[in-house]
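Here is how the chains run, residue by residue.
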Amino acid sequence: QWRLVESGGGLTQSGGSLRLTCAASGFILDAYGIGWFRQVPGKEREGVSCVSTSDGGLYYAEAVKGRFAISRDIAANSVSLQMDSLKPEDTGVYTCALRRGAGAVCDDMVEGAPVDAWGRGTQVTVSS
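Help me understand the side chain of aspartate 90 in this model?
Note on placement: aspartate 90 falls in the loop between β8 (78–83) and β9 (92–100). Within the local environment of aspartate 90, its side chain forms a polar contact with the backbone nitrogen of lysine 87, the two atoms lying 2.8 Å apart. Leaving out residues up to four positions away in the same chain, aspartate 90 has contacts with Arg38, Val64, Arg67, Phe68, Ser85, Val124 and Val126.

In structure tokens, the structure reads:
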């Protein structure tokens, strides 16, 4: 059973930092994309960041470029999202997601291709 478990959300002030981690288990795959979506009330869910395990390709939404950094811990089978210079508009539920595939798997995922596994999500709140 595929399982994605997020941790690290919380409350911080504008300009602060948070680090999210997604621990993956229950599968053995040669290639996949794994990353983060966020849901803000009243808005559509959007892809925030993703990494492709086949070639190390990275995706970042325009709104977070230069502020967020995604990284993998291969030994721990986890992916982390370091979020710096947080803004109130970054507030939302951040959910880890995984899609099997190689190459442009991250682009596929953020453009709406089916996701193979979702985490439960973790709340990030940035106060002004």
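Can you help me understand the pattern of salt bridges in this one?
Two side chains of opposite charge can pair, provided their charged atoms sit close to one another. Evaluated as defined, the whole model comprises five salt bridges. One salt bridge connects arginine 100 with aspartate 116, and the closest N-O pair in it is separated by 3.0 Å. Taken as a pair, arginine 100 in strand β9 and aspartate 116 in the loop between α1 (105–110) and β10 (117–118) lie far apart in primary sequence, 16 residues in all. A relative accessible area of 46% means that arginine 100 is categorised as partly exposed. Connected through salt bridges with shared partners, the residues Arg38, Glu46, Arg67 and Asp90 form a single ionic network.

Quick question: what am I supposed to make of the sheet that holds strand β7 (residues 68–73) here?
The strands making up a sheet associate through hydrogen bonds between their backbones, and the pairing can be parallel or antiparallel. If you walk across this open sheet you meet the four strands as β1-β3-β8-β7, and the pairing is antiparallel. Edge positions in the sheet fall to β1 (3–7) and β7, since each of these pairs with one other strand and no more. This sheet shows a mean twist of 15° between the axes of neighbouring strands, independent of strand direction. Across six bridges, strand β3 (residues 18–25) lies against β8 in antiparallel orientation. Among the inter-strand pairings, cysteine 22 is bridged to a residue of β8, identified as valine 79.

I would appreciate a short explanation of the nonpolar core in the present structure.
Nonpolar side chains tend to gather and get buried jointly when the protein is soluble and globular. Counting residues in hydrophobic clusters, the biggest one holds 26 residues, and the most contacted among them are Ile34, Trp36 and Met83. Those elements giving two or more residues to this core turn out to be β3, β4 (32–39), β5 (46–52), β7, β8, β9 and β11 (122–127). Those residues in contact with isoleucine 34 that sit more than four places away from it in its chain are Leu4, Cys22, Ala24, Cys50, Val51, Ile70, Val79, Cys96, Ala97, Leu98 and Met109. With six residues, the next largest nonpolar core counts Cys50, Ala97, Cys106 and Val115 among its residues.

Help me understand the pairing of β9, please; the structure alone is not making it clear to me.
Two faces, one strand: in a regular strand the side chains alternate between the faces of the sheet. The sheet contact formed by β4 and β9 spans eight bridges and is antiparallel. Bridged to phenylalanine 37 within β9 is threonine 95. With three bridges joining them, β9 and β11 adopt antiparallel strand pairing. Bridge pairing links glycine 92 to valine 124 in β11. For β9 and β10, the ladder comprises two bridges, and the chain directions are antiparallel. Within β10, the residue paired with leucine 98 across the bridge is alanine 117.

Calculation notes
Residues numbered from 1 in each chain as written. Predicted model: local features only at pLDDT ≥ 70, side-chain atom pairs only at ≥ 80, totals over all residues. Heavy atoms only, no water. Helix = DSSP H or I, 4+ residues; strand = E, 2+ residues; numbered from the N terminus. Polar contact = N/O pair within 3.5 Å; in protein donor to acceptor, adjacent residues only side chain to side chain. Contact = heavy atoms within 4.5 Å. Salt bridge = Lys/Arg side-chain N within 4 Å of Asp/Glu carboxyl O. Buried < 20%, exposed > 50% of the residue type's maximum accessible area, 1.4 Å probe, protein only. Pairing = 2+ DSSP bridges. Axes fitted to C-alpha atoms, helices over the stretch in contact; angles between N-to-C directions. Core = buried A, V, L, I, M, F, W, Y, C linked by side-chain atoms within 4.5 Å.

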